[in-house]
Amino acid sequence: KKSLLIVCTLALMVYLTACGTKFDGSRIGNNREFNMEYRVLNTTETQDLTAESGDTISGKMTVHKGSLSIKIQKGEEEPVYEGSGISVSDAFDVEIDESGTYTVEVTGKGAKGSVSFIVESN
């Protein structure tokens, strides 16, 4: 009985520790691209991208588990892209009308997968 209690306690500790993980993966970003691959994403990550009028921000997300919310916004202006509760893989392009710095915000809830955002000049 005592051994079973110890095993169950250890299993519960491992489970609770895993649930508390906010990010487990890799992240690369600069002013032209933002890439993440993750086994766990339970937080918000942001990256500033510099785009000129006429450029395109190409976004791609692969969702294996959980869900994502994504927002692309210049300063306090209305977002040029916004999606929440995304639970399927998808790709999209955002045409940039006004030059400036655009913040990409990715929030995961129990998410596993990857995202990629690249500024492409036209």
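Our structure's up above, just so we're on the same page.
The notes below deal with the structure included here. The shown structure was predicted, so the numbers you read here are calculated from the model rather than taken from an experiment.

Remarks on a negative patch on the surface
Where like charges cluster on the molecular surface, the negative patch consists of Asp93, Glu95, Asp97 and Glu120. The partly exposed category is assigned to Glu120, whose relative accessible area is 37%.

Concerning the nonpolar core
Ile57, Leu68, Ile72, Val106 and Phe117 are the most contacted members of the largest nonpolar core, which totals 24 residues. Sorting the residues of this core by element identifies β2 (33-41), β3 (44-51), β4 (56-74), β5 (81-86), β6 (90-95) and β7 (100-120) as the ones contributing at least two each. Looking at this core element by element, the count peaks at seven residues for β7. Ile72 has contacts with Ile57, Pro79, Val80, Tyr81, Phe92, Val94, Tyr102, Thr103, Val104 and Phe117, leaving out every residue within four places of it along the chain.

Describing the pattern of salt bridges
Evaluation of the coordinates by the stated rule reveals four salt bridges. Residue Arg39 pairs with Asp24 through a salt bridge whose shortest N-O separation is 3.0 Å. Remark: Asp24 occurs in strand β1 (residues 23-29) and Arg39 occurs in strand β2; sequence separation between them is 15 residues. According to the relative accessible area criterion, Arg39 is exposed, its value standing at 54%. Across the pair Arg32 and Asp55 runs a salt bridge, and its minimum N-O distance is 3.6 Å. With Arg32 in the loop between β1 and β2 and Asp55 in the loop between β3 and β4, this pair connects stretches of sequence that are 23 residues apart. Classification of Arg32 by relative accessible area gives partly exposed; the value is 28%. Asp55 sits in the buried class, given a relative accessible area of 5%.

Scoring rules and cut-offs
- Residues numbered from 1 in each chain as written.
- Predicted model: local features only at pLDDT ≥ 70, side-chain atom pairs only at ≥ 80, totals over all residues.
- Heavy atoms only, no water.
- Patch = residues over 30% accessible without salt bridge, like charges linked within 9 Å, V, L, I, M, F, W, Y side chains within 5 Å.
- Areas by Shrake-Rupley, 256 points an atom, 1.4 Å probe, with all protein chains shown as cover.
- Salt bridge = Lys/Arg side-chain N within 4 Å of Asp/Glu carboxyl O.
- Lys, Arg positive; Asp, Glu negative; His and termini not counted.
- Charge placed at Lys NZ, Arg CZ, Asp CG, Glu CD.
- Buried < 20%, exposed > 50% of the residue type's maximum accessible area, 1.4 Å probe, protein only.
- Core = buried A, V, L, I, M, F, W, Y, C linked by side-chain atoms within 4.5 Å.
- Helix = DSSP H or I, 4+ residues; strand = E, 2+ residues; numbered from the N terminus.
- Contact = heavy atoms within 4.5 Å.

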